[in-house]
Each structure stands twice: as structure tokens, then as C-alpha cells.
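Chain by chain, the residues run as shown.
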Amino acid sequence: STRKESSAASDVYKRQAYNNLGSVYYQTKDYDFAIEVYDQALQIDRHLANTWLNLSVVKNIVGDYSGALESALQAKKEGAQVSESYLNQLRSNIN
């Protein structure tokens, strides 16, 4: 395998690891670390719909409503199922 293929495979494992780690931090209510590792996953691949949605949920919990809305809209753009009621809740929290 070429160095480029190896690097691409490594990125897949890294983004999966970051996403899984974010989920662990979320479940243990360590929200700041969850945000940090979800961001790291998204630095590797900006098209991870479920990671965007997970990031939105955590940002909503910590009161970053505009960040939560931005992440939710990006999740929807990337193909995640994001309910209008969730988006409306975030919009109402901002105002």
C-alpha cells in the first residue's frame, strides 16, 4: 500500500476514535472534552453528519445555542436527520 493510502486509512481510524471518545465523554457528562474531541474528528473530515449532530447536542447542553444551531444545520447539510422541532428549539433559545 502506498503512503497516501496508509494515511487515509489512519485518518479513518482517528476520526472514528475521536467520535467514539466524544460519545464516551458525553455519556460521562464531560461535555468540554466531548466538544474538543468531536472538533478533532471534524478537523479530519468535515462531512461527518452524525458527529456534527453529536456536537450540536453537547453544545446545546452547555448553553452554546448558536453553536448548537450552526452544528445542527451543518449536520442536516451533510445528510443527518435533524428535526425541525430541534432546530426551532435552538432558534428560540438564541432569541
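Being a predicted model, the structure only gives us computed values, none of them experimental. (Residues numbered from 1 in each chain as written. Predicted model: local features only at pLDDT ≥ 70, side-chain atom pairs only at ≥ 80, totals over all residues. Heavy atoms only, no water.)

**What about the packing of aromatic side chains?**
Quick reminder of the rule: Ring geometry is summarised as follows: Phe, Tyr and Trp rings, the Trp one being its six-membered ring, pair when their centres sit within 6.5 Å, and such pairs are stacked at plane angles under 30 degrees, edge-to-face over 60 and tilted between the two. Type-normalised accessible area, obtained with a 1.4 Å probe on protein chains alone, sets the label of each residue: buried when under 20%, exposed when over 50%, and partly exposed for intermediate values.
Applying the stated criterion across every chain yields a total of two aromatic pairs. Ring geometry for Tyr-26 and Tyr-31: centres 6.2 Å apart, planes at 55°, overall tilted. In this structure Tyr-26 comes out as partly exposed when scored by relative accessible area, which is 34%.

**With respect to helix α4 (residues 65–77)**
Turn by turn, an α-helix covers 3.6 residues, leaving residues three or four places apart pointing in a common direction. This is how it is decided: In DSSP terms, a helix is any run of H or I states spanning at least four residues, a strand is any run of E spanning at least two, and both are numbered starting from the N terminus. In a helix, the anticipated span is given by 1.5 Å times the number of residues less one. By definition, residues are in contact when any of their heavy atoms lie within 4.5 Å.
Between its first and last C-alpha atoms α4 spans 18 Å; for 13 residues at 1.5 Å apiece the expected length is 18 Å, and the two agree. Within α4, burial applies to Gly-67, Ala-68, Leu-69, Ser-71, Ala-72 and Ala-75. Those residues of α4 that are buried lie in contact with α3 (49–61) and α5 (84–94). Positive phi shows up at Gly-79, right after α4, with a value of about 110°.

**Topic: the environment of Ser-7**
Along the polypeptide, Ser-7 turns up in helix α1 (residues 3–27). Accessibility expressed as a relative area gives 39% for Ser-7, which makes it partly exposed. For the pair Ser-7 and Val-62, spaced 55 residues apart in the sequence, the C-alpha separation amounts to 34 Å.

**Some thoughts on the side chain of Asp-45**
Rules: As used in this structure description, the phrase polar contact means that two N or O atoms lie within 3.5 Å; if the pair is within protein, one of them must be able to donate a hydrogen and the other to accept it, and residues adjacent in sequence are counted only when both atoms belong to side chains.
With respect to the helices, strands and loops of the structure, Asp-45 is situated in the loop between α2 (31–44) and α3. From its side chain, Asp-45 meets the backbone nitrogen of His-47 in a polar contact 2.9 Å long.

**Comments concerning unusual backbone geometry**
You will see that Lys-29, though not glycine, has its phi angle at about 65°, which is positive. Tracing the backbone through its elements, the reader meets Lys-29 in the loop between α1 and α2. For Lys-29, a relative accessible area of 60% puts it in the exposed group.

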